[in-house]
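Topology and contacts: notes
One-letter residues, chain by chain:
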Amino acid sequence: MALSRKRKLFLKKVISLFSVIRGYNIPIIILAQYLSAIFILAPEKRAIAILLDFNLFLLVFASAITIASGYIINNFYDSQKDLINRPNKSMLDRLVSQATKLKVYFTLNFIAALLALCASWQAFLFFSAYIFLIWFYSHKIKKYPVVGNLTAAMMAILPFFALLLHYYNSITFEEIESYKGHFAVIFAHACFLFLLLLIREMIKDLENLKGDLANNYQTIPIRFGEQMSKKIITILTIATIVPVYVLIDIYDVGYMDIYFYVCFIILIFFLLYLWKSHQKAEYLLLHNVLKFLIVAGVFCIVLINPSVLWNGRKLLLMM
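These figures come from a predicted structure and were not determined experimentally. (Residues numbered from 1 in each chain as written. Predicted model: local features only at pLDDT ≥ 70, side-chain atom pairs only at ≥ 80, totals over all residues. Heavy atoms only, no water.)

So, about the confidence of the model for the chain. Confidence in the prediction of the chain, expressed as mean pLDDT, is 86, and 92% of residues score 70 or more. Model confidence for the chain, summarised as mean pLDDT per element, is weakest for helix α18 (residues 307-318) at 56 and strongest for helix α14 (residues 226-239) at 95. (pLDDT = per-residue confidence, 0-100. Helix = DSSP H or I, 4+ residues; strand = E, 2+ residues; numbered from the N terminus.)

So, in structure tokens, the structure goes:
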């Protein structure tokens, strides 16, 4: 049976809102947080105990909802810029009015704050600050060079610190010494992810040059030129060697070292292509390569200790 005009319009608006909140990213964010909890943040705990941890569930979904609301407010402030940089996506996103976007934004933030409060008052304070930071970034900070890129990359990894606080907020100063090696591994993973995210943000500035220029955004390529952007990206890419060296040569990341070796090979070609790139389509390809590395990194977390998956499979078969 054919859909009525009203239902078709409603379906289009649902798809539009899904595009605004980048709904395809949300399951990846949830998966990344659970895998990080199981294999990096609390490897000494049983996977089943982590999956059944209700407070962790609240924090993970508060993070996912906050990030979704962040995409909305970012879309709200970037509507004019996106008409130039992403005309096709922008036309789809505009099927939902700005007023509706704001209503959904405030609703999602309220739900996220409520979930965090149910977990703990510390989580409530953390997410309240996180929600404010996302708004301030979208409204002001992102228009400025360097600090905008650094803030964007930092905001992407902040939800993982909420999980870190969940597991380690009760340890005493005397116990910190015994966890020093574990914290070094967590910090090295965070640094590697932060560098990839920062490189991606800088590639986005090159990709969105026309829209940023038309809307008076003072990004690095606009203020200092494309060549300077490429030099900084090159330095940041080379800097990824440091956290990876810590993870592979000093600490044990199991079979995940395969992922890091493959990353290095891809990043070498990434840099070679970067210096030959001048068009938006070329920067978009580089952006997608980085997105692939970040998403692949999420799935490759299981390589740290694949036996967890094998034991989980056996447990499911026994049930």
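Further notes follow.
Helix length check: helix α4 (residues 54-77), at 24 residues, gives a terminal C-alpha distance of 35 Å against a target of 34 Å (1.5 Å per residue), a fit within 8%. Sitting at the amino-terminal end of α4 is aspartate 53, which places a side-chain oxygen 3.1 Å from the backbone nitrogen of asparagine 55. (Expected span 1.5 Å × (residues − 1). Polar contact = N/O pair within 3.5 Å; in protein donor to acceptor, adjacent residues only side chain to side chain.)

Applying the stated criterion to the full structure yields 0 disulfides. Between cysteine 263, a free cysteine, and cysteine 300, which holds the nearest cysteine sulfur, the sulfur-to-sulfur gap is 8.1 Å. (Disulfide = S-S within 2.5 Å.)

Attention shifts here to the pattern of salt bridges. Enumeration over the complete set of coordinates arrives at 3 salt bridges. Lysine 142 is the salt-bridge partner of aspartate 78, the closest N and O atoms lying 2.5 Å from each other. Residue aspartate 78 is located in the loop between α4 and α5 (79-85), and its partner lysine 142 is located in the loop between α8 (121-139) and α9 (147-168); the two are separated by 64 residues in the primary sequence. Residue aspartate 78 is classed as buried on the basis of its relative accessible area of 3%. Accessibility expressed as a relative area gives 12% for lysine 142, which makes it buried. Put simply, glutamate 201 and lysine 204 hold a salt bridge, and the shortest N to O gap is 3.4 Å. Highlighted residues: glutamate 201 and lysine 204, both in helix α11 (residues 180-207), separated by 3 residues, approximately one helical turn. Take lysine 204: its relative accessible area is 17%, and that puts it in the buried class. Taken together, the salt bridges that share partners define one network made up of Arg200, Glu201 and Lys204. (Salt bridge = Lys/Arg side-chain N within 4 Å of Asp/Glu carboxyl O. Buried < 20%, exposed > 50% of the residue type's maximum accessible area, 1.4 Å probe, protein only.)

Moving on: unusual backbone geometry. In this structure, valine 146 takes a positive phi of about 65 degrees despite not being glycine. Along the chain, the position of valine 146 falls in the loop between α8 and α9. For valine 146, a relative accessible area of 42% puts it in the partly exposed group.

Moving on, we come to helix α15 (residues 241-250). Along α15, the residues classified as buried are Pro243, Val244, Leu247 and Ile248. For α15, the angular spread of the buried residues around the axis is 120 degrees, confining them to a single face. α15 presents Val242 and Asp249 as exposed residues on the side facing more than 90 degrees away from its buried surface. (Arc of directions from axis to C-beta.)

Our next topic: the nonpolar core. Membership of the largest hydrophobic core comes to 91 residues, with the highest contact counts inside it found for Ile203, Tyr259, Phe260 and Phe270. It is α11 that contributes the most residues to this core, 13 residues altogether. Leaving out residues up to four positions away in the same chain, phenylalanine 270 has contacts with Ile199, Ile203, Ile233, Thr237, Leu286, Val289 and Leu290. (Core = buried A, V, L, I, M, F, W, Y, C linked by side-chain atoms within 4.5 Å. Contact = heavy atoms within 4.5 Å.)

Right, let's get into the environment of methionine 155. Note on placement: methionine 155 falls in helix α9. If near-sequence neighbours (up to four positions away) are discounted, methionine 155 is found in contact with Tyr130, Leu133, Ile134 and Tyr137.

Once that is clear, we can look at the packing of aromatic side chains. Within the structure shown, the criterion is met by 14 aromatic pairs. Judged by centre distance (5.4 Å) and plane angle (85 degrees), the ring pair of phenylalanine 76 and tyrosine 77 falls under edge-to-face. For phenylalanine 76, a relative accessible area of 22% puts it in the partly exposed group. Taking relative accessible area as the criterion, tyrosine 77 reaches 27% and is therefore assigned partly exposed. Relative to tyrosine 130, the ring of phenylalanine 126 has its centre 6.3 Å away and its plane inclined at 35 degrees; by these criteria the two rings are tilted. With phenylalanine 126 and tyrosine 130 both in helix α8, this residue pair falls 4 residues apart, about one helical turn. For the pair shown, phenylalanine 126 and tyrosine 130 are each scored as buried. (Phe/Tyr/Trp six-rings, centres within 6.5 Å; stacked < 30°, edge-to-face > 60°.)

A few words now on the side chain of serine 277. Structurally, the position occupied by serine 277 is in the loop between α16 (257-274) and α17 (280-300). At 2.6 Å, the side chain of serine 277 forms a polar contact with the backbone oxygen of tyrosine 273. If sequence neighbours within four positions are ignored, serine 277 has contacts with Lys230, Glu282, Tyr283 and Leu286.

On to the packing of α11 against α15. It is at 8 Å that the axes of α11 and α15 come closest, and there the two elements cross at 145 degrees. Judged by the twist between their axes, the crossing of α11 over α15 is left-handed. Touching Val185, Ala188, His189, Cys191, Phe192 and Leu195 of α11 are Pro243, Val244, Val246 and Leu247, all from α15. When grouped by side-chain class, the residues that make up the contact of α11 with α15 number 9 nonpolar, 1 polar and no charged. (Axes fitted to C-alpha atoms, helices over the stretch in contact; angles between N-to-C directions. Left-handed = near helix turned anticlockwise from the far one by under 90°. Nonpolar A, V, L, I, M, F, W, Y, C, P; charged D, E, K, R; others polar.)

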